[in-house]
Amino acid sequence: MDNEIDQENSLLKNIASSDLSSAGENGEAVKKLLSELDGLSYKVKIALEDVSTLLDLDALESLYLGKKSKLTEIKRELGGLDFDARRIVGGKLNDLRQDLSGIFKIKRESLQKDELQKQLAEDICDITEITETDLYGHLHLVSQIRRELEDIFLGLGYEIAEGNEAESDWYNFTALNIDPDHPARTMQDSFYLDLGSDNSLLLRTHTSPVQIHLLERGKFPIYAVCPGRVYRRDTADPRHLPVFHQIEGLVVDKGITFADLRGTVEVFIQAIFGSKTRTRLRPGYFPFTEPSAEFDITCVICQGSGCRTCSGQGWVELGGCGLVHPKVLEATKVDTDIYSGFAFGFGIDRLAIMRHNIFDIRALIENDIRFLTQF
Ligand code: DAH
């Protein structure tokens, strides 16, 4: 069909330079068609004045130049005319089509320019709205909370321990009593590092390996926390990030009992969430502690009465804890007749979203200045 139109176009072009006197017996029809073409040209020019969007322009172009347009209809009528009449009307029609196409093109370019300007004006960031304090920036919420936690534990006499982000299999799993076939290894799907010969190096999946370094150091008592980044093969969703932060606590001393753990959890949770927040321990399972527990806090939204955030429970889970498993102490050559200890660990990012009622944990890494400046 397009091919047919092209052929017709070129035929019309070739014969398009004559005047009405040679229109022969189709003179009347020619006059009518020529005045229709004039009318069309006039109508298009008027209509174009009211067009202010690209969408309207497309609609107008298809109305006047498209396959179902009056122009195409006139072109079809040419078939019924004699040679001279076809030559005259066809020539005029082709000129008009070219003329209108040019006009549409110019209008389109001008509208595109306007729309771009409009878009730029909308996207503009008024930097005069930024206050002087905003200009200096501040610590990210997660760093703020990490520092708060460090301060709380420093106040309790703890040291801040440094861990490694790349750990061997021994520190991340084996010494923590997570044996090769243990389901915990599949639970914590890991990023292994391809370093040639040794393929047992991985990005730590939790901060617990720092317990092993502290125990191997052999200096007692130990009162330490280790905050830091951890890595898991998780797809980011509202509650998970593949890279996030945990804080690990380890206390090893003479005569440490579960009551010490209970009291410590209570103290630091109230320091971070406020004195109204209550805590509870529920029996849990971790290979590196025995007995193990998960600790919950009263929901910060409803203060324990039950709401949507805590699924009506009044409690939300924060982390895990327990007494250091004798196997962990034995693996690090600690005399279990003298020493016992407790450990705990929880996510700092998770704590941040709970304390500030942030709906989606991914907001923490999106770097939206409007979000970050709230904290
Ligand atoms: N490492 C655990 C995890 O990533 C958290 C944890 C649980 C740490 C119990 C502990 C602990 O120190 O005693 O899920």
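Everything that follows concerns the structure shown earlier in this document.
Criteria and thresholds
- Residues numbered from 1 in each chain as written.
- Predicted model: local features only at pLDDT ≥ 70, side-chain atom pairs only at ≥ 80, totals over all residues.
- Heavy atoms only, no water.
- Helix = DSSP H or I, 4+ residues; strand = E, 2+ residues; numbered from the N terminus.
- Buried < 20%, exposed > 50% of the residue type's maximum accessible area, 1.4 Å probe, protein only.
- Contact = heavy atoms within 4.5 Å.
- Arc of directions from axis to C-beta.
- Polar contact = N/O pair within 3.5 Å; in protein donor to acceptor, adjacent residues only side chain to side chain.
- Phe/Tyr/Trp six-rings, centres within 6.5 Å; stacked < 30°, edge-to-face > 60°.
- Near = heavy atom within 4 Å.
- Areas by Shrake-Rupley, 256 points an atom, 1.4 Å probe, with all protein chains shown as cover.
- Nonpolar A, V, L, I, M, F, W, Y, C, P; charged D, E, K, R; others polar.

Enquirer: Explain the environment of A363 to me, and be specific about the residues and the numbers.
Expert: Structurally, the position occupied by A363 is in the loop between α13 (348-355) and α14 (369-372). A relative accessible area of 16% places A363 in the buried class. In this structure, the C-alpha to C-alpha distance between A363 and I353, residues ten residues apart in sequence, is 9.3 Å. Excluding residues within four positions of it along the chain, A363 makes contact with I358 and F371.

Enquirer: Pulling in residues and values, what's your account of helix α4 (residues 70-77)?
Expert: For α4, the complete set of buried residues consists of L71, T72, I74 and K75. Along the long axis of α4, the arc covered by the buried residues comes to 160°, so they all point the same way.

Enquirer: Before we move on, can you summarise the side chain of E248 with the specific residues and values?
Expert: By the secondary structure assignment, E248 is in strand β5 (residues 243-254). At 2.8 Å, the side chain of E248 and the side chain of T207 are in polar contact. Discounting chain neighbours no more than four positions away, the residues touching E248 are T207, S208, V210, Q211, A224, V225, C226, F344 and G345.

Enquirer: Describe the packing of aromatic side chains, and please don't skip the residues or the numbers.
Expert: What the rule picks out here adds up to 13 aromatic pairs. Their ring planes at 15° and their centres at 5.4 Å tell us that F268 and F346 sit as a pair that is stacked. Within this pair, whereas F268 is found in helix α11 (residues 258-273), its partner F346 is found in strand β9 (residues 339-347), the two being separated by 78 residues in sequence. You'll find F268 and F346 in the same group, each marked buried. An aromatic cluster of three or more residues is present, and its members are F153, Y158, Y223, F268, F295, F342, F344 and F346.

Enquirer: Account for the site of the ligand, with residues named and values stated.
Expert: Taken together, 16 residues lie near the ligand, and H206, S208, R232, Q246 and E248 sit nearest. At a separation of 3.0 Å, a nitrogen atom of the ligand approaches a polar side-chain atom of S208. Isolated, the ligand exposes 360 Å² of accessible area, and the fraction of that covered by the protein chains is 91%. Elements represented by at least two residues in the shell around the ligand include exactly β5, β8 (315-324) and β9. Partitioned by chemical class, the residues of the shell around the ligand number five nonpolar, nine polar and two charged.

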